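Structural overview for review
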Amino acid sequence: MAGFKVVIPARFASSRLPGKPLADIGGKPMVVRVLERARQAGADEVWVATDHSGVAAAVESAGGSVVLTREDHPSGTDRLAEVVARLGWDDETLVVNVQGDEPLIEPTLVSRVAQVLADDREASIATASHPIDDPEELFNPNVVKVVCDSHDRALYFSRASIPWARDAFADGGRGVPPGFVMQRHVGLYAYRAAFLRRYADLQPSPIETWEALEQLRALWHGYRIRVLAIDSAPPAGVDTQADLERVRKVFDRMGDCG
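Residues numbered from 1 in each chain as written. Predicted model: local features only at pLDDT ≥ 70, side-chain atom pairs only at ≥ 80, totals over all residues. Heavy atoms only, no water.

**Let's talk about the overall build of the protein**
The secondary structure content of the protein amounts to eight helices and eleven strands. Taken against the 2.2 N^0.38 rule, which gives 18 Å for 258 residues, the C-alpha radius of gyration of the protein at 19 Å falls within 12% of a compact globule. For the C-alpha atoms alone, the extent of the protein along its principal axes is close to 60 × 40 × 35 Å. Expressed as a percentage of its 258 residues, the buried residues of the protein come to 51%. By sequence separation, contacts in the protein at least 24 residues apart represent 67% of the contacts at least 6 residues apart. For the protein, the exposed area adds up to about 12,200 Å²; of that, 49% sits on carbon and sulfur atoms. Across the protein, the centroid of the 29 positively charged side chains sits 1 Å from that of the 37 negatively charged ones. (Helix = DSSP H or I, 4+ residues; strand = E, 2+ residues; numbered from the N terminus. Rg over C-alpha atoms; globule rule 2.2 N^0.38 Å. Buried < 20%, exposed > 50% of the residue type's maximum accessible area, 1.4 Å probe, protein only. Contact = heavy atoms within 4.5 Å. Areas by Shrake-Rupley, 256 points an atom, 1.4 Å probe, with all protein chains shown as cover. Lys, Arg positive; Asp, Glu negative; His and termini not counted. Charge placed at Lys NZ, Arg CZ, Asp CG, Glu CD.)

Right, dumping it as structure tokens:
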């Protein structure tokens, strides 16, 4: 298995769930639950990147490593770029961005995304996707779709329904033709450190602005994104109080409250 590092961006402020990284899940802060999952992925190093001293203290109490980053980063990718620069990682280092609100993330998925990037020397980024099995999601703009080429590299990401089944969807039709597959993007990324070093200098692209999808900046500037196809959706992260209650119930069933 390829060596890689994990960085967990954990921003304290959240419009829908303030203080989210420190939310209690079975007796531990959510950021610590994510840290524990990331450690199981077999990474060489796991770091939490945060702008909040309370989050840093919680991670250090759990024996984790922390980088205190600037508060003004517009995205988690920018926060990762600061970590790469601060820690001096070389250009070939593989860095997996594990979101700080994914306490149920599958460790094997983290390592698999790192491995497909290691195996594709022409790609700068790797991510994942799975088939959409709910017809309603085909036309839901909150569900991001991805279309790939024959080498499993992303051609485009969109909130629109792509590819468009012209005849089946004609005149507002919602019938899905036999064999038709639309892939939903999974927001887990692995990067080569060289790309992260250049990211801050890349100008936002028109398509990124219109779609409100940050990954389109990389495609616009000619970087290749390898996509790992998985069979089904991974467990959802925590965006709202309802999500938090759902995750708490999962940990209660697992009996993991220590």
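**With respect to the confidence of the model for the protein**
When the pLDDT values of the protein are averaged, the result is 91; 98% of them are 70 or greater. The element-level mean pLDDT for the protein is lowest in helix α3 (residues 76–87), coming to 89, with strand β9 (residues 154–158) highest at 98. (pLDDT = per-residue confidence, 0-100.)

**A look at the pattern of salt bridges**
All chains considered together, the criterion is met by 18 salt bridges. In this structure, E122 and R224 form a salt bridge, with 2.1 Å as the shortest nitrogen-oxygen distance. Residue E122 is located in the loop between α4 (107–119) and β7 (125–131), and its partner R224 is located in the loop between α7 (216–220) and β11 (225–229); the two are separated by 102 residues in the primary sequence. Judged by its relative accessible area of 39%, R224 falls in the partly exposed class. (Salt bridge = Lys/Arg side-chain N within 4 Å of Asp/Glu carboxyl O.)

**Here's the deal with helix α2 (residues 53–61)**
Within α2, the full set of buried residues consists of V55, A56, A58 and V59. Seen end-on, α2 carries its buried residues on one side only, within an arc spanning 160°. Among the exposed residues of α2, those pointing more than 90 degrees away from its buried face are S53, E60 and S61. Residues of α2 that are buried in the fold lie against β1 (5–10), β3 (28–29), α1 (30–39), β4 (45–50) and β5 (65–68). (Arc of directions from axis to C-beta.)

**Quick look at the packing of aromatic side chains**
Each aromatic ring pair is specified by the distance between its two centres and by the angle formed by the two planes. Going through the model one piece at a time under the given rule, you end up with eight aromatic pairs. Ring geometry for F195 versus Y223: centroids 4.9 Å apart, planes at 80°, classification edge-to-face. Taken as a pair, F195 in helix α5 (residues 193–199) and Y223 in the loop between α7 and β11 lie far apart in primary sequence, 28 residues in all. The class of F195 is buried, set by a relative accessible area of 2%. Cluster of aromatic residues (ring-pair linked, three or more members): Y189, Y191, F195, Y199 and Y223. (Phe/Tyr/Trp six-rings, centres within 6.5 Å; stacked < 30°, edge-to-face > 60°.)

**A look at the pairing of β11**
Along β11, four of the five residues are buried, which leaves the element largely enclosed by surrounding structure. As judged from the five bridges shared by β7 and β11, these two strands associate in the parallel manner. Across the sheet, the residue bridging to S129 is A229, located in β11. (Pairing = 2+ DSSP bridges.)

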